[in-house]
Protein chains: 2
Amino acid sequence: MGGDHGLAVTIPAAVNLLRTHSHVFVHLVGQQVAIEQSLSRYRNLDPTRFAVVHANDVVTMDDPPAQALRGKKDSSMRVAINLVKEGVAQACVSAGNTGALMAIARFVLKTLPGIDRPAIATAMPTMHHGMSTVLDLGANVDCTAEHLLQFASMGSALVSALQGKMNPAVGLLNIGEEIIKGNDTVKQAAELLRQSNLNFYGNVEGNDIYKGTVDVVVCDGFVGNIALKASEGVAQLMSGTIRDEFQRSWFSRLCAVLAYPILRRVKRRLDHRRYNGASLLGLRGVVIKSHGSADAFAFECALVRAHDAVQNGLLEKITQAMVPLSAEADAA
Amino acid sequence: MGGDHGLAVTIPAAVNLLRTHSHVFVHLVGQQVAIEQSLSRYRNLDPTRFAVVHANDVVTMDDPPAQALRGKKDSSMRVAINLVKEGVAQACVSAGNTGALMAIARFVLKTLPGIDRPAIATAMPTMHHGMSTVLDLGANVDCTAEHLLQFASMGSALVSALQGKMNPAVGLLNIGEEIIKGNDTVKQAAELLRQSNLNFYGNVEGNDIYKGTVDVVVCDGFVGNIALKASEGVAQLMSGTIRDEFQRSWFSRLCAVLAYPILRRVKRRLDHRRYNGASLLGLRGVVIKSHGSADAFAFECALVRAHDAVQNGLLEKITQAMVPLSAEADAA
């Protein structure tokens, strides 16, 4: 039900997922009448591969997380996460209110052993057609060094689950590569990472996110959110300026027509929709948050990400990754 | 002497400044023989408008600030800042090691009354041909709310000096616009800003830097540095991808030739060289840091920025801006 476009986006994406992934079963959670109306447009849907699960309430984008958690116990978000809790569904995907989704998921599912705080991770495009995974992106504004170490383990597990990479390289986001750089928390986290069994590259800087220097970039949620939003801002400024200049005169409009296939390829390579679907990591269940403004293609990417995370045993990988950390904590 | 290119960049930029600004006098500080050799290429230089000031040492990009400060007392950086201290020069511009420049400038010049810590500020391009000024960009990795308030006052003074804006709008960089967002320091800073006589807009997010929502964006140096570097990373990724795709085939290369004037206009509008010259604010003297990789055009922009800051009374404006803050602190 959530996001800027609601069912107009989520239903076509779900229908497409059913077409491309023949072993998937989809629970469509929300207001039954509206969902069935949306579905009536599609013919030849196999009724054994999906179910409509009614939920009375909808969490709005403005609901404070506490209110969504306590005041809307029959929201589509809550009902969907309950399905994961009960083992009826293996993953939940939502385009709704991030804070509410995190609060409900954390309350209902609880965290995995050894995880103090869940984190939000997303993939970003890098040079040479690669990608890097950044976390946390806003779930935790104040973090200790131990939290950053946990994020590193979870991010490493996510990359090995979704990209099939063994031993992904982990970088710590900082204001310089040298060991002496950064605030105390970051310096302590670097020390913990060096002692861990992760493939720790060392400190990385903001531009390394897009250079693809490492597979996983670790930071607290305050820094991560601002880095991500600043990046969005630059991308919008650049694409806006390019659009402006190609529309400036009849000659530039003609050039735009000629250059269209090239500009389209550029757009496709950098298409943020392909990276849609942030993982809420550290919970006892797979929960994926789609961008609120996602279109059907972007939402389908988030659905595929949820599918892949389940298929490749993300939760088991995170649990395994936490074992050495817990052992160390016990020893200490 | 500093930066990636040294005299090959700084000398032509200085010569050009002399040509375009008829009332400026330039002290060229560094290794005399090398400087004079660089100057010998230019004819018709008016010898009454510049002086070569010899300095034995050069601070390298790798020198730790403490070493540059204590071990190289005859460096070009130190000698140049001494000229400002003595009132012989009104501003110092360097493309060298940022940490060393800040350490030396702070030690030699001291801070203005009411300023606990100097900050680094730079201008960024925004939509609709505007610009926003962001600080701090890395001088202070741990900040209190009071420091952020001082940064806001200094940033506001800088914008009114360099852009002639009365009462510039100030935003506090945060992970959401709502008052409840952010860590404790940021929430306290917002409260101080609301009580101040600055034109406080409220919280802004990372993308607002490039939207031009406010004139001044305030943050601690850790966040500011990472936001800036992440932005650089995205810009490089996008321009690299565009270049790649326009070089892909003979057809795309032909399109590139046709679209060249358009792409050049895009580049000019977003040209980071035009924004070169970060201000070290809060010192008893104007000190401008050029990007290390600056070319002659970019370095000249930094020189012009220094000139404008002096011409428009930046130091007086900052001192005035600090008066109400000191009065409040005294009252408290």
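Residues numbered from 1 in each chain as written. Chains lettered and ligands numbered in written order. Predicted model: local features only at pLDDT ≥ 70, side-chain atom pairs only at ≥ 80, totals over all residues. Heavy atoms only, no water.

Per an unreviewed UniProt entry, chain A carries the name Phosphate acyltransferase and comes from Parvibium lacunae. According to UniProt, the comment filed for chain A under the heading Function (unreviewed entry) is "Catalyzes the reversible formation of acyl-phosphate (acyl-PO(4)) from acyl-[acyl-carrier-protein] (acyl-ACP). This enzyme utilizes acyl-ACP as fatty acyl donor, but not acyl-CoA." The UniProt entry for chain A carries the following comment under Catalytic activity (unreviewed entry): "a fatty acyl-[ACP] + phosphate = an acyl phosphate + holo-[ACP]". (UniProt positions renumbered as here; feature names shortened; annotations may be inferred.)

K.L.:
Is there a simple way to explain the relation of the copies chain B and chain A in this structure?
P.N.:
Each of the two chain copies can be brought onto the other by rotation about an axis and movement along it. Of the transformation superimposing chain B on chain A, the axial component is 0.0 Å and the angular component is 180°, with the fit at an RMSD of 0.0 Å. The superposition of one copy onto the other is thereby described by a two-fold rotation axis. A shared binding surface is used by both copies, with 100% of the interface residues of chain B retained as interface residues in chain A. (Least-squares fit on C-alpha atoms with pLDDT ≥ 70 in both. Contact = heavy atoms within 4.5 Å.)

K.L.:
Hey, could you run me through the packing of aromatic side chains in this one?
P.N.:
Two descriptors summarise a pair of aromatic rings, namely the distance from one centre to the other and the angle between the planes of the rings. All names here are of chain A. By the definition in use, this model includes 2 aromatic pairs over all chains. Between W250 and F251 the ring centres are 6.2 Å apart and the planes differ by 90°, which places this aromatic pair in the edge-to-face class. Lying over the aromatic face of F107, K110 brings its terminal NZ or CZ to 4.8 Å of the ring centre. (Phe/Tyr/Trp six-rings, centres within 6.5 Å; stacked < 30°, edge-to-face > 60°. Lys NZ or Arg CZ within 6 Å of the ring centre and 35° of its normal.)

K.L.:
Explain the interface of chain B and chain A to me, please; I cannot follow it from the model alone.
P.N.:
Size of an interface, as often reported, equals the accessible area lost when the parts are brought together. Of the residues lining the interface, 51 residues belong to chain B; the matching set on chain A comes to 51 residues. Of the roughly 4800 Å² buried at the junction of chain B and chain A (both faces included), carbon and sulfur atoms supply 76%. Of all residues in chain B, I175, F222 and L237 of chain B bury the most surface against chain A, accounting for 13% of the area lost on that side. The tally of links between chain B and chain A comes to 8 salt bridges. (Buried area = accessible area lost by both parts, 1.4 Å probe. Salt bridge = Lys/Arg side-chain N within 4 Å of Asp/Glu carboxyl O.)

K.L.:
Please clarify how the domain arrangement of chain A should be interpreted in this entry.
P.N.:
In terms of domains, chain A is made up of domain 1 (7-109) and domain 2 (119-273 + 318-331). The C-alpha-based centres of domain 1 of chain A and domain 2 of chain A are spaced at 28 Å. (Domains from an automatic or database assignment.)

K.L.:
What exactly am I supposed to notice about the pairing of strand β10 (residues 286-289) of chain A here?
P.N.:
If a strand is regular, its side chains alternate between the two faces of the sheet. All names here are of chain A. What you see with β10 is no split at all: V286 and I288 on one side and V287 and K289 on the other are buried throughout. Where strand β3 (residues 91-94) and β10 come together, 4 bridges link them in parallel fashion. The partner of V93 across the bridge, within β10, is I288. In textbook terms, the turn of a hairpin is the stretch between consecutive antiparallel strands, and for strand β9 (residues 278-281) and β10 this stretch comprises 4 residues, one of which, G282, has a positive phi near 100°. (Buried < 20%, exposed > 50% of the residue type's maximum accessible area, 1.4 Å probe, protein only. Helix = DSSP H or I, 4+ residues; strand = E, 2+ residues; numbered from the N terminus. Pairing = 2+ DSSP bridges.)

K.L.:
Can you help me understand the environment of A227 of chain B in this one?
P.N.:
Tracing the chain through its elements places A227 of chain B in helix α9 (residues 221-246). In contact with A227 of chain B, other than residues within four places in its own chain, are I226 and A230 of chain A.

K.L.:
What is the right way to read the state of the cysteines from this model?
P.N.:
Every disulfide links exactly two cysteines, by a covalent bond between their sulfur atoms. Residue and element names in this part refer to chain B. Tallied over the entire structure, the rule returns 0 disulfides over all chains. Free cysteine: C92, not disulfide-bonded; nearest cysteine sulfur from C301 at 17 Å. Sulfur of C143: no disulfide; nearest cysteine sulfur belongs to C219 and is 8.5 Å away. Assessed through its relative accessible area of 13%, C143 is described here as buried. (Disulfide = S-S within 2.5 Å.)

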